[in-house]
Amino acid sequence: MRNVGPDGRLKRNLALLALVLLGGFAVAGPTGLLAWSENSTALKQREAEIARLTQQRDALRNRVMLLDPQAADPDLASELVREQLGVMREDEVVVTLEDE
């Protein structure tokens, strides 16, 4: 091995330091090997949340279709009027249930 001057050693040490830092980030960084299982768990949770929100969105889309002003579903319209306005027909009886 030939004799390397102070500038050569500095460059070599800086290159080695950069290589060690890159290796450290590959193992312990935010996207490294140690974070892999944590990211996998977070992905599964997000997928479950997406499935739940998709189901909720589909239910709301169905309800919007049933409330279309051009062809509203009479049962749903009647239910909403009774629930929100307290309107009822003369021949109906209201039965209240107490919560425990």
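Sequence positions are assigned chain by chain, starting from 1 and proceeding in written order. Thresholds applied to this predicted model are a pLDDT of at least 70 for local features of residues and 80 or more for the giving and counting of side-chain atom pairs; totals over whole chains, interfaces and linings are not thresholded and use all residues. Side-chain numbers here rest on the full set of heavy atoms in the structure, without hydrogens or water.

Draft legend 1. Spatial organisation of the environment of Arg 82. Take Arg 82: it is sitting in helix H3 (residues 74–85). Any pair of N or O atoms that falls within 3.5 Å is considered a polar contact. Within protein, one atom must be able to donate a hydrogen and the other to accept it, and sequence-neighbouring residues count only if both atoms are side-chain atoms. Of the polar contacts made by the side chain of Arg 82, one reaches the side chain of Ser 78; its length is 2.9 Å. For helices the rule is a DSSP run of H or I covering at least 4 residues; for strands it is a run of E covering at least 2, with both sets numbered from the N terminus onward.

Draft legend 2. View of a nonpolar patch on the surface. In this analysis, a patch consists of residues with relative accessible area above 30% that form no salt bridge, clustered at 9 Å for like charges and at 5 Å for the nonpolar side chains Val, Leu, Ile, Met, Phe, Trp and Tyr. To measure how exposed things are, a 1.4 Å probe is used in the Shrake-Rupley method; for residues, cover is taken only from the protein chains shown. Any Lys or Arg side-chain nitrogen found within 4 Å of a carboxyl oxygen on Asp or Glu counts as a salt bridge. Taken together, Leu 10, Leu 14, Leu 17, Leu 21 and Phe 25 make up a surface patch of nonpolar side chains, about 520 Å² in accessible area. Here Leu 21 shows up in helix H1 (residues 6–28).

Draft legend 3. Quick look at the pattern of salt bridges. Summed over the entire model, instances satisfying the criterion amount to three salt bridges. A salt bridge links Asp 58 to Arg 57; its shortest N-O distance comes to 3.4 Å. The class of Arg 57 is partly exposed, set by a relative accessible area of 43%. Residues Arg 61 and Asp 58 are paired through a salt bridge, measuring 3.7 Å at the closest nitrogen-oxygen approach. In this pair, Arg 61 and Asp 58 are both assigned in helix H2 (residues 36–66), three residues apart and thus about one turn of the helix distant. When accessible area is computed with a 1.4 Å probe and restricted to protein chains, residues below 20% of their type maximum are described as buried, those above 50% as exposed, and intermediate ones as partly exposed. For Asp 58, a relative accessible area of 37% translates into the label partly exposed. One connected set of salt bridges, linked through shared partners, spans Arg 57, Asp 58 and Arg 61.

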